[in-house]
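# Breakdown of the fold
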Amino acid sequence: MKVLVTGGAGYIGSHTVLSLLENNYDVVVYDNLVNSSIESIDRVEKLAGKKVEFVEGDICNKDKLSQVFKQFKIDAVIHFAALKAVGESTQIPLSYYQNNVHGTVCLLEVMQQHKVHNFIFSSSATVYGEENDVPYVETMKLGTPSSPYGASKVMVERVLADLALSDPNFRGVSLRYFNPIGAHESGTIGEDPKGIPNNLLPYVAQVAVGKRDKLGIFGDDYPTKDGTCERDYLHVMDLAQGHVAALDWLNRHSEFSGVEAFNLGTGNGTSVFAIVKAFELAINKEIKFEVSPRRAGDLPAFWANANKANQQLNWQASRTLEKMMEDTWRWQSNNPNGYLA
Ligand code: NAD
Ligand code: UDP
């Protein structure tokens, strides 16, 4: 089975490509490298001992996408390609709607032209917005996220629902990720943010390796156990395997049409202070931090109810927080400058 992976050179994409190869799927990666390096694909090929077809291109370029569908007999698409920085999305919202919403519509149109119906979408816990209680469960109504990034994910989920209503052949899966962290245990692929990291773990790891002076903890006066925000962190290799599980689910359910959402998380919330502690334990070194003001738009706490994915996809996030920290550190310390080192 041949899978087109858009955004496959990125953080989650590269780990998923590796899992796909290890599970005997053939892979074509389509990526414009706006937030990634081709080096990630070279390293995935080395780890898997297999070849990946790579095409550099933008998902908004329908002609180029169409050529890919002509050249390769694609059976399914896993769609990671998107811009993902919440803060940046408030500054350049049009780029976010162009890439994440228009780009997805272009991809779906080309898939339809080429009669490819299996589609797995990178959604996010952010689609639950501020309105829902925790833990989040798939039966909840979608919320209204405050950022254009979050809104773009809700919009795409709506596009998929409408497409499924209109096209009886469409077979879609929305995977709602919670907070992926960590790296492949080899330490050769991992998260390589450009500039100052927005997310917690890359920031902590860069402080540990001496690239940043200290971590700013955004608020310690939230209504949580220790006052810092709680999130559902899961290992990126568990998340990668969630995509293989979703593809296997589509293959097992040949009668299925429509679109189905699954939460991918551990079901546990961990605070920022607890993350810093766990990282310090893993590397046996102190992480300098200071408490700074709250970051706009942060919710106090959310985590997944992952029962649906556990039961229907036969998938469970099994790697421990300790392993997430160790693997983050192996990647960061072996590659202090990411893929450019
Ligand atoms: P990433 O930036 O590392 O990967 C995204 C990839 O898509 C990059 O390689 C980038 O070059 C590519 N890309 C972006 N726009 C493109 C376009 N127009 N055409 C072709 N390629 C394009 O991000 P990631 O963390 O691996 O996230 C992957 C997906 O998962 C995204 O859709 C993101 O919104 C979603 N997601 C991520 C998280 C997270 O915490 N990392 C959480 C929830 C959802
Ligand atoms: N966070 C922090 N300092 C940082 C980055 C993040 O205190 O430099 C906090 C942030 O406020 C949130 C948690 O860490 O409570 C996770 O943030 P991240 O951006 O990684 O994930 P998201 O907010 O998207 O869930």
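Structure's up top.
Residues numbered from 1 in each chain as written. Chains lettered and ligands numbered in written order. Predicted model: local features only at pLDDT ≥ 70, side-chain atom pairs only at ≥ 80, totals over all residues. Heavy atoms only, no water.

On to the sheet that holds strand β4 (residues 76-79), then. Taken in spatial order, the 7 strands line up as β3-β2-β1-β4-β5-β6-β11 in an open sheet, and their pairing is parallel. In this open sheet, the two strands that pair with only one neighbour each are β3 (53-56) and β11 (258-264). On average, adjacent strands in this sheet sit at an angle of 20 degrees to one another, irrespective of strand direction. With 4 bridges joining them, strand β1 (residues 2-6) and β4 adopt parallel strand pairing. Note on β4: the bridge partner recorded for V5 is I78. Each of β5 (118-124), β6 (171-177) and β11 touches helix α6 (residues 148-166); the most contacted strand, β5, lies at about 150 degrees to it. Of the strands in this sheet, β1, β4, β5, β6 and β11 are in contact with helix α8 (residues 236-252), which crosses β6 at around 160 degrees. (Pairing = 2+ DSSP bridges. Helix = DSSP H or I, 4+ residues; strand = E, 2+ residues; numbered from the N terminus. Axes fitted to C-alpha atoms, helices over the stretch in contact; angles between N-to-C directions. Contact = heavy atoms within 4.5 Å.)

Neighbouring residues of ligand 2: 16 residues in total, closest G216, C229, R231, R295 and D298. One of the backbone nitrogen or oxygen atoms of L200 is found 2.9 Å away from an oxygen atom of ligand 2. One nitrogen or oxygen atom from the side chain of D298 is found 2.6 Å from an oxygen atom belonging to ligand 2. About the coverage of ligand 2: the protein hides 89% of its 520 Å² of free accessible area. (Near = heavy atom within 4 Å. Polar contact = N/O pair within 3.5 Å; in protein donor to acceptor, adjacent residues only side chain to side chain. Areas by Shrake-Rupley, 256 points an atom, 1.4 Å probe, with all protein chains shown as cover.)

In the vicinity of ligand 1 there are 27 residues, among which D31, N35, S36, N99 and Y149 approach most closely. At a separation of 3.2 Å, a nitrogen atom of ligand 1 approaches a polar backbone atom of N32. In this structure, an oxygen atom belonging to ligand 1 sits 2.7 Å away from a side-chain N or O atom of S36. In the complex, the protein chains occlude 95% of the 830 Å² of accessible area that ligand 1 would expose alone. For the shell around ligand 1, the secondary-structure elements that each account for two or more residues are α1 (11-22), β5 and α6. In terms of residue count, β5 provides more of the shell around ligand 1 than any other element does, 3 residues in total. Taken together, the residues that form the shell around ligand 1 break down as 13 nonpolar, 10 polar and 4 charged. (Nonpolar A, V, L, I, M, F, W, Y, C, P; charged D, E, K, R; others polar.)

This next bit is on the packing of helix α7 (residues 200-208) against helix α9 (residues 272-283). Viewed as axis vectors pointing N to C, α7 and α9 meet at an angle of 40 degrees, and their least axial separation amounts to 11 Å. Considered as vectors, α7 and α9 are oriented oblique to each other. Read as a crossing pair, α7 and α9 show a hand that is right-handed. Of α9, the residues touching α7 (which contributes L200, L201, V204, A205 and A208) are V272, I275, F279 and I283. The residue inventory of the contact of α7 with α9, partitioned by class, reads 9 nonpolar, no polar and no charged. (Parallel < 35°, antiparallel > 145°, perpendicular 65-115°, else oblique. Left-handed = near helix turned anticlockwise from the far one by under 90°.)

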